[in-house]
Amino acid sequence: MALEEFIARYKLSESVYVTRPTMPSREDYLRMLAPVWEQRWLTNEGPLHARLERALAEHMEVAHLSLFCNGTTAMLLALQAMDITEGEVITTPFTFPATAHVIHWNRLTPVFCDIREDTCALDPEAVEAAITPRTRAILGVHTYGFPCDVEALEAIAARRGLRLLYDAAPAFGVRCKGRSILQYGDMSVLSFHATKLFTTAEGGAVATRNADWDRRIRFLKNFGIADEETVIGPGINGKMSELQAAFGLLQLEQVGEEIARRGAVAAVYRERLAGVRGIRLFPEPADATMNHAYFPIRIIAGEYGADRDALNVALRKCNIIARKYYFPLCSHFPCYADLPSADPRRLPVAERMSAEVLCLPIYGTLSPDIAATIADAVASFPDVNETDEQR
Ligand SMILES: Cc1ncc(COP(=O)(O)O)c(C=O)c1O
């Protein structure tokens with residue numbers, strides 16, 4: 001098949017992006033905002049903010065949950081609240097830049113560690129091997145919503161006296177071994193960015209079972225202000241507004257249905273792509289319930305007959321906007337590339353995943369028919385009988 005024929009066969013009439021936010025109806029949102037207009041209470045721990053904190057803590061089965069303006073600030077302050085002020089933090093290079101940057105912004109050193117092939121999460125053996133006398137904490141990421149190896153990491157952290165923090169930005173609503181994913185580790189951080197399953201446009205949260213850390217988090221995100229005349233430390237502005245909290249309360253009503261709809265899209269992809277030569281699907285973890293926030297696939301170039309990048313370019317010609325999460329690795333950013341732990345030879349799995357993974361579009365309003373077309377385009381791209389350059 002010629003490339004033109006491939007495009008003619010699979011081109012969608014409108015661009016389909018990797019994700020699309022669920023929105024409450026405008027009427028519902030305006031109704032939710034009515035008290036904000038009446039009371040003129042826009043931010044600073046307003047009533048909607050309090051309602052959303054309570055609702056999310058209940059939904060996620062955590063003792064304390066503090067809302068934030070975004071996930072990055074939440075993660076920045078989570079490290080500070082645990083008093084991690086010097087030394088090294090072990091993390092994954094296979095993540096969104098914010099994970100490594102919050103370590104750097106706290107004047108700590110990120111130590112990149114390799115990941116597991118089946119979940120793309122930190123490899124506990126590599127974590128153990130990376131510990132030095134300067135290590136203070138482990139910052140794991142539940143990449144694509146696949147839970148980290150929570151028990152192994154917890155055992156390592158306990159044995160080696162380290163704090164264990166999770167970047168749970170991709171894992172809203174995920175359950176692991178019968179418990180909310182946020183119950184693992186010392187603290188977990190969520191992002192409610194527009195690209196996330198649960199969104200407040202911008203937003204985030206820190207969850208912990210430790211009341212002292214929660215108290216510190218609340219001071220830190222409000223300039224360190226204790227009362228009108230007392231500032232107890234150098235805090236920052238990490239607050240979420242009432243307008244975002246209102247959006248979040250309505251999102252929460254929809255999130256269960258959104259996950260179910262995404263599950264149906266994932267099922268279409270799984271059915272159509274299973275057994276396609278050169279395509280590997282990530283196994284659904286047996287002990288976790290997924291949120292279907294992402295649908296990553298691996299393209300094994302030698303078997304598939306083309307590499308991930310060639311497929312990605314061809315899909316874009318068909319208005320299918322997949323994403324190469326996570327390319328480049330954080331360890332390749334100029335600000336980290338000189339770290340000893342950033343040496344590609346130490347990160348073989350992460351390097352390979354970064355070259356092989358493509359995240360296909362997935363969101364609740366994506367029709368199963370479109371998902372089927374996308375899957376069929378992926379499956380038949382190797383039939384395009386042109387070289388990578390011609391493609
Ligand atoms: C894994 C991960 N960590 C951190 C963040 C940062 O969150 P935010 O954009 O809310 O600051 C994101 C998403 O944006 C993310 O995907």
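What counts and how
Once a new chain begins, its residue numbering starts again from 1 and follows that chain's sequence as written. Under the rules for a predicted model, residues below a pLDDT of 70 receive no local features and side-chain atom pairs below 80 are neither given nor counted, while totals for whole chains, interfaces and linings still include all residues. Only heavy atoms go into the side-chain values, all of them from the structure, while hydrogens and water stay out. Boundaries of every domain are those given by an automatic assignment or by a domain database. Residue contacts are defined here by distance: any two heavy atoms, one from each residue, within 4.5 Å place the two residues in contact. Summed over both partners, the accessible surface that disappears when two parts come together, traced with a 1.4 Å probe, is what is meant by buried area. We define a salt bridge as a side-chain nitrogen of Lys or Arg found within 4 Å of a carboxyl oxygen belonging to Asp or Glu. Only buried Ala, Val, Leu, Ile, Met, Phe, Trp, Tyr and Cys residues count toward a nonpolar core, and they belong to the same one when joined by side-chain atoms within 4.5 Å. Note on classification: 1.4 Å probe, protein chains only; a residue is buried when its accessible area is under 20% of the maximum for its type, exposed when over 50%, partly exposed between these limits. The helix count covers DSSP runs of H or I at least four residues long, the strand count covers runs of E at least two residues long, and both are numbered beginning at the N terminus. Working definition: residue near molecule or strand if any one of its non-hydrogen atoms lies within 4 Å of it. Whenever a nitrogen or oxygen atom comes within 3.5 Å of another N or O atom, the pair is scored as a polar contact, on the condition that within protein one atom can donate a hydrogen and the other can accept it, and that pairs from neighbouring residues in sequence are kept only if both atoms are in side chains. Residue-level accessible areas treat just the shown protein chains as cover; the underlying method is Shrake-Rupley with a 1.4 Å probe. Three categories are distinguished: nonpolar for Ala, Val, Leu, Ile, Met, Phe, Trp, Tyr, Cys and Pro, charged for Asp, Glu, Lys and Arg, and polar for the others, with Gly belonging to the last. One bridge is not enough; two strands pair if DSSP finds at least two bridges between them. Only Phe, Tyr and Trp rings are paired, with Trp represented by its six-membered ring, and only when their centres lie within 6.5 Å; those with planes under 30 degrees apart are stacked, over 60 edge-to-face, the remainder tilted. Nonpolar side chains (Val, Leu, Ile, Met, Phe, Trp, Tyr) within 5 Å and like charges within 9 Å form the patches, drawn only from residues with over 30% relative accessible area and no salt bridge.

One widely used convention gives an interface's size as the accessible area the parts lose upon coming together. Assigned domains of the protein chain: these are domain 1 (3-21 + 253-383) and domain 2 (26-250). Between domain 1 and domain 2, the residue contacts involve 41 residues of the former and 40 residues of the latter. Both sides of the domain 1 and domain 2 interface together cover about 3400 Å² of buried area, and 66% of this is carbon and sulfur. Three residues stand out in domain 1 for area buried against domain 2, namely Y294, Y326 and Y336, and they jointly supply 19% of the buried area on that side. There are 3 salt bridges connecting domain 1 and domain 2.

By size, the foremost hydrophobic cluster in this structure holds 76 residues, and its most contacted members are L56, F94, Y144, F172 and F192. Tallying contributions element by element places helix α9 (residues 242-273) first for this core, with 7 residues. In this structure, this core is formed jointly by two domains, domain 1 (3-21 + 253-383) and domain 2 (26-250), each of which donates at least three residues. Setting aside residues up to four positions removed in sequence, Y144 forms contacts with F94, C120, P170, M290, N291, Y294, P296, Y325, Y326, V357 and C359. Counting 39 residues, the second largest nonpolar core, distinct from the first, contains L12, V265, Y269 and L358.

Relative to the helices and strands, A350 is located in helix α12 (residues 348-356). The sequence separation of A350 and M240 amounts to 110 residues, and the corresponding C-alpha distance is 34 Å. Not counting the four nearest positions on each side in its chain, A350 is found in contact with P93, F94, D114, I115 and L329.

Next up on the list: the site of the ligand. For the ligand, the set of nearby residues contains 14 residues, the closest of which are G71, T72, D167, S191 and K196. Between the ligand and the protein, one listed contact pairs an oxygen atom with a side-chain N or O atom of T72 at 2.5 Å. K196 places a polar side-chain atom, nitrogen or oxygen, 3.1 Å from an oxygen atom of the ligand. For the ligand, whose accessible area on its own is 380 Å², the fraction buried by protein is 94%. Secondary structure elements with two or more residues in the shell around the ligand: α4 (71-81) and α5 (97-105). The dominant element in the shell around the ligand, judged by the number of residues it contributes, is α4, at 3 residues. A breakdown of the residues in the shell around the ligand according to their chemical character gives 4 nonpolar, 8 polar and 2 charged.

Glancing now at the sheet that holds strand β6 (residues 175-176). The strands making up a sheet are joined through hydrogen bonds of the backbone, oriented either antiparallel or parallel. Pairing within the open sheet is antiparallel, and its 3 strands lie in the order β7-β6-β13. Looking at which strands have only one partner, the edges of the open sheet turn out to be β7 (179-180) and β13 (288-289).

The subject of this paragraph is the packing of aromatic side chains. Overall, the coordinates contain 18 aromatic pairs when judged by the stated rule. Ring plane angle 90 degrees and centroid distance 6.1 Å describe the contact between Y144 and F146, whose orientation is recorded as edge-to-face. Classification of Y144 by relative accessible area gives buried; the value is 1%. On the accessibility criterion, F146 (5% relative accessible area) is buried. Each ring, one from Y144 and one from Y326, has its centre 6.2 Å from the other, and the planes form 10 degrees; the classification is stacked. In this pair, Y144 is assigned in the loop between β4 (135-141) and α7 (150-160) and Y326 in the loop between α11 (308-317) and α12, connecting sequence segments 182 residues apart. The burial state of Y144 is the same as that of Y326; both residues are buried.

Residues of α12 that are buried include every one of V349, A350, M353, S354 and E356, and no others. Tucked into the core, α12 has its buried residues touching β14 (295-299), α11 and β15 (357-360).

Looking now at a nonpolar patch on the surface. Taken together, the side chains of W37, L42 and L243 define a hydrophobic patch exposed on the protein surface, amounting to about 320 Å² of accessible area. Its location among the elements puts L42 in the loop between α2 (26-39) and α3 (47-59).

What follows covers the pairing of β14. Burial analysis of β14 places 5 of its 5 residues in the buried class, which makes it a mostly covered element. Alternating positions in β14 separate into two faces, F295, I297 and I299 on one and P296 and R298 on the other, with burial throughout.

What follows covers the environment of A372. Topologically, A372 is positioned in helix α13 (residues 368-380). In sequence terms A372 and V265 are 107 residues apart; their C-alpha atoms lie 8.6 Å from each other. When near neighbours in sequence (up to four residues on either side) are disregarded, A372 contacts V268 and R272.

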